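# Coordinate inspection notes
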Amino acid sequence: MYTFLTEILGYLIQYTDSFQFFSDYRYDWHNVIIFNIYSIVTFTFFYRIYWDVLKQKKNKNWVKYSGIVGITSYFISIFFQNPLHTNLYYADLIASIVLLIAIALYIKEKRMEENPYPQKYNLMFWTTMGIAAFHIFFPFIFLMGYKAQLLYVKFHLHQFLMLLIVFMYVTFIIGLLFHRRKAFR
């Protein structure tokens, strides 16, 4: 729901004159600040989810401390990038890598435990699959969109990014439709 509302607000800011953060007409369409806030909130949320589902204290500590690094990277980035007018893509890169570390720890733990339920009934399996597929590519595509626009356009990376988003949300929906409470973790 938070993602949906953020996307609606972003659309309204970009395409509706009555929703603006800036009075200067050069920036009145800038909606990037809400997406920077969105990134901090969602990464924090997923770090917390993986911290909660991990069982081994060592892995929990890895997620906790690397999560702090991931979130801190956003606050460091604002000294080098203006969060009102550009995405904090370096911080997104660091935060995505941290999330992938949390995912790897989760997968490692899942492979070692015995569970009588098939993974297709585990909501975290589907969520993990979608998040991992998206975050393996997202930060690099995003970085290319800012730093190598010609390659971004030439290789149709925006369309690829949209496909990754669709794939991620489809896996979330599949997980919600097929999950069984006892199979969760």
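Up top is the structure.
Described below are features of the structure shown in this document. (Residues numbered from 1 in each chain as written. Predicted model: local features only at pLDDT ≥ 70, side-chain atom pairs only at ≥ 80, totals over all residues. Heavy atoms only, no water.)

### Some points on the overall build of the chain
The secondary structure content of the chain amounts to seven helices and zero strands. Listing each helix as α and each strand as β along the chain from the N terminus yields α-α-α-α-α-α-α. Each principal axis of the C-alpha distribution contributes one length, and for the chain these read about 60 × 35 × 35 Å. When the 185 residues of the chain are sorted by exposure, 42% land in the buried category. Long-range pairs, those at least 24 residues apart, make up 70% of the contacts in the chain with a sequence separation of at least 6. Here the chain has roughly 11,500 Å² of accessible surface; of this, 71% comes from carbon and sulfur atoms. One finds the centroid of the 17 positive side-chain charges in the chain at a distance of 14 Å from the centroid of its 9 negative side-chain charges. (Helix = DSSP H or I, 4+ residues; strand = E, 2+ residues; numbered from the N terminus. Buried < 20%, exposed > 50% of the residue type's maximum accessible area, 1.4 Å probe, protein only. Contact = heavy atoms within 4.5 Å. Areas by Shrake-Rupley, 256 points an atom, 1.4 Å probe, with all protein chains shown as cover. Lys, Arg positive; Asp, Glu negative; His and termini not counted. Charge placed at Lys NZ, Arg CZ, Asp CG, Glu CD.)

### Observations concerning the packing of helix α2 (residues 32-53) against helix α5 (residues 123-147)
Running from amino to carboxyl end, α2 crosses α5 at an angle of 135°, the nearest separation of the two axes being 13 Å. When the axes of α2 and α5 are compared, the pair comes out oblique. Of the two elements, α2 crosses α5, and the hand of that crossing is left-handed. Facing α2, whose interface residues are F43, F46, I49, Y50 and V53, α5 presents M124, T127, T128, I131 and H135. In the contact of α2 with α5, the residues fall into seven nonpolar, three polar and no charged. (Axes fitted to C-alpha atoms, helices over the stretch in contact; angles between N-to-C directions. Parallel < 35°, antiparallel > 145°, perpendicular 65-115°, else oblique. Left-handed = near helix turned anticlockwise from the far one by under 90°. Nonpolar A, V, L, I, M, F, W, Y, C, P; charged D, E, K, R; others polar.)

### Overview of helix α3 (residues 57-77)
Between its terminal C-alpha atoms α3 stretches 30 Å, which fits the 30 Å expected from 21 residues at 1.5 Å a residue. Among all positions of α3, only N59, K60, V63, S66, G67, G70, I71, S73, Y74 and S77 are buried. In this structure, the buried side of α3 is in contact with α2 and α4 (89-112). (Expected span 1.5 Å × (residues − 1).)

### Section: the pattern of salt bridges
By the definition in use, this model includes three salt bridges. Put simply, D52 and R48 hold a salt bridge, and the shortest N to O gap is 3.0 Å. Of this pair, D52 and R48 both sit in helix α2, four residues apart, which is roughly one turn of that helix. The class of D52 is partly exposed, set by a relative accessible area of 42%. (Salt bridge = Lys/Arg side-chain N within 4 Å of Asp/Glu carboxyl O.)

### A look at the nonpolar core
Counting residues in each nonpolar core, the largest one holds 33 residues, and the members touching the most others are F43, Y47, Y50, L99 and I131. Contributions of two or more residues to this core are made by α2, α3, α4, α5 and α7 (157-178). Among residues more than four places away in sequence, those in contact with Y50 are L99, A102, I103, Y106, M124, T127, T128 and I131. (Core = buried A, V, L, I, M, F, W, Y, C linked by side-chain atoms within 4.5 Å.)

### A closer look at the packing of aromatic side chains
For any pair of aromatic rings, the description rests on two quantities: the centre-to-centre distance and the angle between the ring planes. Considering all chains together, one arrives at 13 aromatic pairs under this definition. Ring geometry for F142 and Y146: centres 5.9 Å apart, planes at 80°, overall edge-to-face. Of the two residues, F142 and Y146 both sit in helix α5, four residues apart, roughly one turn of that helix. Since its relative accessible area comes to 29%, Y146 is described here as partly exposed. Among the aromatic residues, those joined into a ring-pair cluster are Y89, Y90, F134, F138, F142 and Y146. (Phe/Tyr/Trp six-rings, centres within 6.5 Å; stacked < 30°, edge-to-face > 60°.)

### With respect to the side chain of K60
Structurally, K60 is set in helix α3. Despite its burial, K60 pairs with no opposite charge; the closest candidate is D52, at 5.2 Å N-O.

### Thoughts on the side chain of H135
Assignment of secondary structure puts H135 in helix α5. Among the polar contacts made by the side chain of H135, one reaches the side chain of S96 at a distance of 2.9 Å. When residues no more than four places from it in sequence are discounted, the contact partners of H135 are F43, S96, L99 and L100. (Polar contact = N/O pair within 3.5 Å; in protein donor to acceptor, adjacent residues only side chain to side chain.)

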